[in-house]
Amino acid sequence: MINLRKQLTTILKTVCPRVHYQDAPENETLPYIVYDITSVLPNGENNDSVFLDVDIWDSNEKSDNIEGLLKNLRTALEGRTIETEEFSAVIYGANMVPIADPNTMIKRRRASYTINIYA
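None of these values were measured; they are calculated from a predicted model.

Outline the environment of Ile106, supporting the account with residue identities and numerical values.
If you trace the backbone, Ile106 turns up in strand E6 (residues 106–118). Taking relative accessible area as the criterion, Ile106 reaches 18% and is therefore assigned buried. Along the chain, Ile106 and Pro31 lie 75 residues apart, while their C-alpha atoms are 9.6 Å from each other. Residues in contact with Ile106, not counting those within four places in the same chain, are Leu30, Trp57, Asp58, Ser59 and Asp101.

Explain the sheet that holds strand E1 (residues 19–21) to me, using residue names and the numbers behind them.
Pairing in this open sheet of six strands is mixed, and the strands run E1-E2-E3-E6-E5-E4 from one edge to the other. Edge positions in the open sheet fall to E1 and strand E4 (81–83), since each of these has one partner strand only. The sheet shows a mean angle of 30° between the axes of neighbouring strands, taken without regard to direction. Where strand E5 (residues 88–98) and E6 come together, ten bridges link them in antiparallel fashion. Along E6, the bridge assignment pairs Ala89 with Ile117.

Now, about the layout of surface pockets: what can you tell me, with residues and values included?
The gaps of empty space that remain are located by a probe, the size of a water molecule, rolled over the atoms. Computed from the structure, the largest pocket encloses a volume of approximately 150 Å³. Every residue lining the largest pocket is counted, 13 residues in all, and those nearest its centre are Met1, Asp48, Glu86, Phe87 and Ile117. When residues of the lining of the largest pocket are traced back to their parent elements, those giving at least two are helix H1 (2–12), strand E3 (47–59) and E6. Per-element tally for the lining of the largest pocket: the top contributor is H1, with three residues. Of the residues that constitute the lining of the largest pocket, the class distribution is seven nonpolar, three polar and three charged.

Cut-offs and rules
- Residues numbered from 1 in each chain as written.
- Predicted model: local features only at pLDDT ≥ 70, side-chain atom pairs only at ≥ 80, totals over all residues.
- Heavy atoms only, no water.
- Helix = DSSP H or I, 4+ residues; strand = E, 2+ residues; numbered from the N terminus.
- Buried < 20%, exposed > 50% of the residue type's maximum accessible area, 1.4 Å probe, protein only.
- Contact = heavy atoms within 4.5 Å.
- Pairing = 2+ DSSP bridges.
- Axes fitted to C-alpha atoms, helices over the stretch in contact; angles between N-to-C directions.
- 1 Å grid on protein atoms, 1.4 Å probe; cavity = no way out; pocket = protein on both sides within 12 Å on 5 of 7 lines; lining within 4 Å.
- Points joined across faces, edges and corners; volume = space filled by probe spheres on them.
- Nonpolar A, V, L, I, M, F, W, Y, C, P; charged D, E, K, R; others polar.

Here you go:
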């Protein structure tokens, strides 16, 4: 999974330069991305599926910037194939949802993907 995380971090940094796995520092500059791999489902001998959640955080009165980041995220991930010496992976479709924050100046969106991994 470490190699998959490295590959995902590299891809996500093309969308936003500040990318974190699971947690961001408390005073991180906005916008930033936090991602997590939430579960692994064995599908067979050499095939697993994992769920990827990508949260984009921004502070903007309008949602234009975060919507642009979501569009770039979709372009970077949907249908993407990752090939390494250890595995091949294909990233599939996203479910995009807004997430409310107690601070109304913070905009947050979550995109959820499925990644099929072939060893």
